[in-house]
Amino acid sequence: MSEGTCPVGRGLARTGDAWSMLILRDAALGLTRFDEFQRSLGIAPNILTRRLAALVRDGVFERRRYSERPPRDEYVLTECGRDYLPILSALGAWGARYFGEGGVSRLVEADTGRTIDPVVVDRATGRPLDEIDLRTMLPGGAG
């Protein structure tokens, strides 16, 4: 899955487990420190350690030392990690739409409080993907 021709499989191999996505969600909200992630998620320290190490290894986070005594690092999103955040927003919108009974949090514009309704668009045209007739082209032009 992580080395096949499918970019979805490659992406899921790096960020597709629930804990990794929730860590990324919390990073989008400004959390950077191990204890902040642990407190927010209620995740076991050994699992959090493994997930953060994998996200650093895959270039989603960068470790930065913020204290020498005792030695402490924070986890800062890289360009790769920041580029993942719209994916989480789209996933959240889908989850709210189809599984949001009982009320869920919502994404809002910080300055105005206006609720955001994320969509995935083609960068070149700005057209929503659900309005485009798509097909998958394999490496070498087969599709």
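Check the entry above for the structure.
Residues numbered from 1 in each chain as written. Predicted model: local features only at pLDDT ≥ 70, side-chain atom pairs only at ≥ 80, totals over all residues. Heavy atoms only, no water.

> Can you help me understand the nonpolar core in this one?
A general tendency of soluble globular proteins is for nonpolar side chains to be buried together. Counting 18 residues, the largest nonpolar core has Ile 23, Leu 24, Phe 37, Leu 52 and Phe 61 as the members making the most contacts within it. Broken down by secondary-structure element, the contributors of at least two residues to this core are helix 2 (18–28), helix 3 (34–41), helix 4 (45–57), strand 2 (71–77) and helix 5 (79–99). Looking at this core element by element, the count peaks at four residues for helix 2. If we skip the residues at most four places from it in the chain, Phe 61 touches Ile 23, Leu 24, Ala 27, Phe 37, Leu 52, Leu 55, Val 56, Tyr 75, Val 76, Leu 77 and Thr 78. (Core = buried A, V, L, I, M, F, W, Y, C linked by side-chain atoms within 4.5 Å. Buried < 20%, exposed > 50% of the residue type's maximum accessible area, 1.4 Å probe, protein only. Helix = DSSP H or I, 4+ residues; strand = E, 2+ residues; numbered from the N terminus. Contact = heavy atoms within 4.5 Å.)

> Please explain the packing of aromatic side chains as it appears in this structure.
Where two aromatic rings form a pair, the distance of their centres and the angle of their planes describe that pair. Counted under the stated rule, the structure contains four aromatic pairs. On the numbers, 6.2 Å between centres and 65 degrees between planes, the contact of Phe 37 with Phe 61 is edge-to-face. Of the two residues, Phe 37 is situated in helix 3 and Phe 61 in strand 1 (residues 61–68); the sequence distance between them amounts to 24 residues. The residues Phe 37 and Phe 61 share a single accessibility class, namely buried. When the ring of Trp 94 is compared with that of Phe 99, the centres are 5.2 Å apart and the planes differ by 70 degrees; the resulting orientation is edge-to-face. An aromatic cluster is defined as three or more aromatic residues linked by ring pairs; in this entry it consists of Phe 37, Phe 61 and Tyr 75. The ring of Tyr 66 carries the charged tip of Arg 33 above its face, separated from the ring centre by 3.6 Å. (Phe/Tyr/Trp six-rings, centres within 6.5 Å; stacked < 30°, edge-to-face > 60°. Lys NZ or Arg CZ within 6 Å of the ring centre and 35° of its normal.)

> In this structure, what is going on with the environment of Phe 61? I would like to understand it.
Its relative accessible area of 2% is what places Phe 61 among the buried residues. Put simply, Phe 61 and Gly 81 are 20 residues apart on the chain and 6.3 Å apart in space, counted from C-alpha to C-alpha.

> Any chance you could explain the side chain of Ser 67 here in plain terms?
Note that Ser 67 resides in strand 1. Here Ser 67 falls in the buried class, since its relative accessible area comes to 17%. Among the polar contacts listed, one links the side chain of Ser 67 to the backbone oxygen of Arg 69, at a separation of 3.5 Å. (Polar contact = N/O pair within 3.5 Å; in protein donor to acceptor, adjacent residues only side chain to side chain.)

> Even after reading the chapter, I still don't get the packing of helix 2 against helix 4, so can you show me in this structure?
For any two helices packed against each other, one specifies the inter-axial angle together with the distance between the axes. The interhelical angle for the contact between helix 2 and helix 4, taken along N-to-C directions, is 75 degrees, at an axis separation of 10 Å. With respect to their mutual orientation, helix 2 and helix 4 come out roughly perpendicular. Contacts from Trp 19, Ser 20, Ile 23 and Leu 24 of helix 2 reach helix 4 at Ile 47, Leu 48, Arg 51, Leu 52 and Leu 55. Along the lines of polarity and charge, the residues of the contact of helix 2 with helix 4 split into seven nonpolar, one polar and one charged. (Axes fitted to C-alpha atoms, helices over the stretch in contact; angles between N-to-C directions. Parallel < 35°, antiparallel > 145°, perpendicular 65-115°, else oblique. Nonpolar A, V, L, I, M, F, W, Y, C, P; charged D, E, K, R; others polar.)

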